[in-house]
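Working through the structure, step by step
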Amino acid sequence: MKIDHHAPQHILQEVFGYSAFRGAQADIVQHVSGGGDALVLMPTGGGKSLCYQVPAIARHRGGRGVTLVVSPLIALMHDQVGALEEAGVHAAFLNSTLSSEEASRIEREMMSGRLVMLYAAPERITNPRFLAQLDSLHERGLLSLFAIDEAHCVSQWGHDFRNEYLELSLLHERFPDVPRVALTATADDITRADIIERLRLQEARVFISSFDRPNIRYTIVEKDSKPREQLLRFIRDEHEDDAGVVYCQSRKKVEETAAWLEAEGLKALPYHAGLDTGVRQRHQDRFLREDGIVMVATVAFGMGIDKPDVRFVAHLDLPKNIESYYQETGRGGRDGAAANAWMTYGLADVVNQRRMIDDSPSNEEFKQVQRGKLDALLALAEATDCRRQRLLGYFGEASQPCGNCDNCISPPATWDGTEAARKMLSCIYRFHQNGGQRFGAGHLIDVLRGKLTDKVGQYGHQSLSTWAVGADLSEQQWRAVLRQLIALGHVFTEGEYHTLALAETARAVLKGEVQLLLRVPASAPKRGARGSTRGASGKSGRAAAEALDLDGQAQQRFEALKAWRSEVAKEHGLPAYVIFQNVTLAEMARANPQSLDELSGISGVGAKKLEAYGREILRVLEA
Ligand code: ADP
Ligand code: ZN
């Protein structure tokens, strides 16, 4: 049988050690290898890299020369290139961190056409010297393909806009016959249209993948008075020793939370844009290279982080909108093994996010769009039905209840809060009537529950008709009612003290025309109730191994392989997952191959790695 070394399927197996393309990958790779332009929309972790790497290799083998990969993530280029070289693909990067000798060496490799892929930051595209080099390559037929990663950076609608990305249309103007593939995980319609327009991709085929990430379990819990402890409980119960990301809104909170978790004995590190570049790079490296680091971060962290074994993403604060939530949670479980997306959210989150929009300097139209997006996120947080169905629905995808979110696993009890909501609204109304004063949540709930405080006495609120009409409900229940009323826009907050006021729409609720269905707050975490379909709960404390479903003997082999891998990774100055991912080591541990031939059948073992590491691995397994 004749083997076609240029065939994408062959390259997938030989270089990456994978037996099959996932979803749309096969079509995309076919199209791009053949010289077509493409815009690829795939969720984070969906497998975008192979969509340009396989065509780059195929075209290079066909004598077409070098693929230029444009990426905004200078800090990650070293590892990306290292991963390709480990797989036997000649790749390099050019950026400001290189010495001039290193840069010249790489330029020679590029100009000779030997290089398969060159990674560069967008600002290099406007460098005249670099453009002249591309001209020369192009004249000799050695400029194969342009891959534009994180393509949403070209759009002002996307949240990561970069000026330099605007210059990328230059590539097409100068080299109209060189095919281009642009890739992004941002799905939103406006952004998509913007990318096409700005990168002149009107002729490109658009590939939109399903946005579902079935191995991620979504959980949103009600914030109690000690959210950090809720977080710690979640990590201890489900993710002892696992790598994860904790998102907070402010830099201060990032630092406080990281310090607190560390004092509790976790390996936690802070990351935000206010930290020194050196510190940031060091923390990022540790996260990528060491096991079990919890990165506490603002949204400044995460883009392009392709660590496959992040087992959880937690939110201590509400993200801006569903796009952000999905992008951030999508950083968990890229390897396909079980991962958790966990968020704690409360009244203050709703109030803060609304305030941030109101106080921003943007125009009213922009604010209106932001408010709409926030509302969709709040509806997700308050939902009593399948979270995944709502998430996918937001991206225009229909689906069935998933069986792998908190609401599917233990459907929340609901209660009819319509009466309570009416009492609450009329109490706010009475405050206002009674001297035009406005009050905040605490006082409102005190009056409803009939709690005689100094403030009640001072304003004579015990004589209001709504005094103590809600003594039957707990303070937590009242907070849930208020949260819903604010989330739904019937009540809004004003000023420094977050005092409460009625919106026009409150009238319909007061008249009893709107029904309010509320979740019964889960006061204690229901341990055990989270009986998992995929084994995400790790009570043994070895959550990582459990997520990979290993029994005793296999577990021992897995640990031995990990120890071996960490030696190799250190020697090569690369993160461990670049050598082999955990899922690959787990499969080795399970299958316990006895020969190189058997080992080569394991997913993730390509020809180059088999040659470089095969014998050592068999030796480790024997021991
Ligand atoms: P993205 O860039 O879309 O976020 P990646 O390209 O990093 O995703 O891929 C996510 C993970 O899935 C990686 O660990 C990668 O090795 C793995 N992967 C991608 N495609 C395949 C495939 N066809 N078979 C097996 N694993 C794959
Ligand atoms: Zn569900």
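Treat the numbers as computed from the prediction; the structure is a model and nothing was measured. (Residues numbered from 1 in each chain as written. Chains lettered and ligands numbered in written order. Predicted model: local features only at pLDDT ≥ 70, side-chain atom pairs only at ≥ 80, totals over all residues. Heavy atoms only, no water.)

**Focus: the overall build of the chain**
Put simply, the rule is: Starting at the N terminus, helices and strands are each numbered in turn, a helix being any DSSP run of H or I of at least four residues and a strand any DSSP run of E of at least two. Buried, partly exposed and exposed residues are distinguished by accessible area as a fraction of the type maximum, computed with a 1.4 Å probe on protein chains only: under 20%, between the cut-offs, and over 50%, respectively. When checking whether two residues touch, look at their non-hydrogen atoms; a contact exists if any pair is within 4.5 Å. For the accessible areas, the method is Shrake-Rupley and the probe is 1.4 Å, while residue cover comes only from the protein chains on display. A positive count includes Lys and Arg, and a negative count includes Asp and Glu. His and the chain ends are not counted in either. Note that the charge is assigned to NZ on lysines, CZ on arginines, CG on aspartates and CD on glutamates.
Looking only at helices and strands, one finds 27 helices and 17 strands in the chain. In terms of its C-alpha atoms, the chain occupies a principal-axis envelope of roughly 90 × 60 × 45 Å. The burial tally for the chain puts 53% of its 623 residues in the buried class. Within the chain, contacts between residues at least 6 apart in sequence are counted, and of these 73% link residues at least 24 apart. Carbon together with sulfur atoms contributes 49% to the accessible area of the chain, which is approximately 26,700 Å² in total. Between the mean site of the 74 positive side-chain charges and the mean site of the 81 negative ones, the chain shows a separation of 2 Å.

**With respect to the coordination of the zinc ion (ligand 2)**
Geometry sets the ideal angles at a metal, namely 109.5 degrees for four tetrahedral donors and 90 or 180 degrees for six octahedral donors. Rule in force here: In this listing, donors mean N, O and S atoms no farther than 2.8 Å from the metal, or 3.2 Å for Na, K and Ca; water is missing from the atoms, so a site can look incomplete. In these descriptions, tetrahedral denotes four donors with every angle between 85 and 135 degrees, square planar four donors and octahedral six donors with opposite donors over 155 degrees apart and the rest between 65 and 115, and irregular any other case.
Of the protein atoms, only Cys386 (SG), Cys402 (SG), Cys405 (SG) and Cys408 (SG) coordinate the zinc ion (ligand 2), at distances of 2.3 to 2.4 Å. Coordination geometry of the zinc ion (ligand 2): the 4 donor atoms subtend angles of 102 to 118 degrees at the metal centre, consistent with an arrangement described as tetrahedral. For the zinc ion (ligand 2), the single-chain donor residues occur in sequence as C-x15-C-x2-C-x2-C.

**Examining the sheet that holds strand E11 (residues 294-297)**
Selection rule: One bridge is not enough; two strands pair if DSSP finds at least two bridges between them. For helices, the fitted axis covers only the stretch in contact; all axes are lines through C-alpha atoms, and the angles between them, taken along N-to-C directions, range from 0 to 180 degrees.
The strand order across the open sheet built from 6 strands is E8-E13-E12-E9-E11-E10, with neighbouring strands paired in parallel fashion. Strand pairing shows two members of the sheet lacking a second neighbour, strand E8 (216-222) and strand E10 (268-271), which therefore form its edges. Neighbour to neighbour, the strand axes of the sheet diverge by 15 degrees on average, direction disregarded. As defined by bridge partners, strand E9 (residues 244-247) adjoins E11 across 4 bridges and the pair is classed as parallel. Residue pairing in the sheet places Gly244 in a bridge with Val294 of E11.

**Section: the nonpolar core**
Inside soluble globular proteins, nonpolar side chains tend to come together where they are buried. Rules: The definition of a nonpolar core used throughout is a set of buried Ala, Val, Leu, Ile, Met, Phe, Trp, Tyr and Cys residues joined through side-chain atoms within 4.5 Å.
Of all hydrophobic cores here, the largest spans 91 residues; its most connected members are Met117, Leu118 and Phe287. In terms of residue count, helix H3 (residues 49-61) provides more of this core than any other element does, 7 residues in total. When neighbours within four sequence positions are excluded, Leu118 is seen to be in contact with Val66, Thr67, Leu68, Val69, Ala92, Phe93, Leu94, Ile106, Met110 and Phe130. One finds Ile322, Tyr326, Tyr345 and Leu482 within the second-largest nonpolar core, a separate group that totals 53 residues.

**Looking at the site of ligand 1**
Using the following cut-off: Near is defined per residue: the residue qualifies when any heavy atom it owns lies within 4 Å of the molecule or strand. We call two N or O atoms a polar contact when they sit within 3.5 Å, provided that within protein one can donate a hydrogen and the other can accept it, with sequence-adjacent residues counted only if both atoms are side-chain atoms.
Around ligand 1 sit 15 residues in total, of which Tyr18, Gly45, Ser49, Arg334 and Gln581 are the nearest. Here Ser49 contributes a side-chain N or O atom positioned 2.6 Å from an oxygen atom of ligand 1. Gln581 is positioned with one of its side-chain polar atoms (N or O) 2.7 Å from an oxygen atom of ligand 1. Considering ligand 1 on its own, with 570 Å² of exposed area, one finds that the protein chains cover 85% of that surface.

**Points about the sheet that holds strand E5 (residues 143-148)**
If you walk across this open sheet you meet the 7 strands as E3-E4-E2-E5-E6-E1-E7, and the pairing is parallel. The outermost strands of the open sheet, each flanked by one partner alone, are strand E3 (91-94) and strand E7 (205-208). Each neighbouring strand pair of the sheet contributes to a mean axis angle of 20 degrees, computed without reference to strand direction. As defined by bridge partners, strand E2 (residues 66-70) adjoins E5 across 5 bridges and the pair is classed as parallel. From the neighbouring strand, Val69 faces E5, where its bridge partner is Ala147. In the packing of helix H2 (residues 25-33) onto the sheet, the strands contacted are strand E1 (38-41), E5, strand E6 (180-184) and E7, and the crossing angle to E7 comes to about 160 degrees. Set on the sheet, helix H8 (residues 189-198) makes contact with E1, E6 and E7; between it and E1 the angle comes to about 155 degrees.

**Quick word on the domain arrangement of the chain**
Put simply, the test is: An automatic or database domain assignment supplies the residue ranges for each domain.
Entries for the chain in the domain assignment read domain 1 (8-208), domain 2 (216-411), domain 3 (415-519) and domain 4 (547-622). In this structure, domain 1 and domain 3 have C-alpha centres spaced 56 Å apart.

**Looking at the packing of aromatic side chains**
For clarity, the threshold we go by: Ring pairs are drawn from Phe, Tyr and Trp, using the six-membered ring of Trp, whenever the two centres fall within 6.5 Å, and their geometry is named by plane angle: stacked under 30 degrees, edge-to-face over 60, tilted for the rest. In our convention, an over-ring charge means Lys NZ or Arg CZ found within 6 Å of a ring centre and within 35 degrees of that ring's normal.
Throughout the structure, instances matching the rule amount to 15 aromatic pairs. Of note, Lys307 hangs over the ring of Phe287, and the distance from its end group to the ring centre comes to 5.6 Å. Cation over ring: Lys609 sits above Phe580, and NZ or CZ is 5.4 Å from the ring centre.

**With respect to the pairing of E6**
For E6, the tally of buried residues reaches 5 of 5 residues, placing the bulk of the element in the interior. Alternating residues of E6 divide into Arg180, Ala182 and Thr184 and Val181 and Leu183, and every residue in both groups is buried. Of the strand pairs in this sheet, E1 and E6 are connected by 4 bridges, and their pairing is parallel. Its bridge partner lying in E6, Val40 is registered against Leu183. When E5 meets E6, the two strands line up parallel, connected through 3 bridges. By the bridge assignment, Ala147 is partnered in E6 with Val181.

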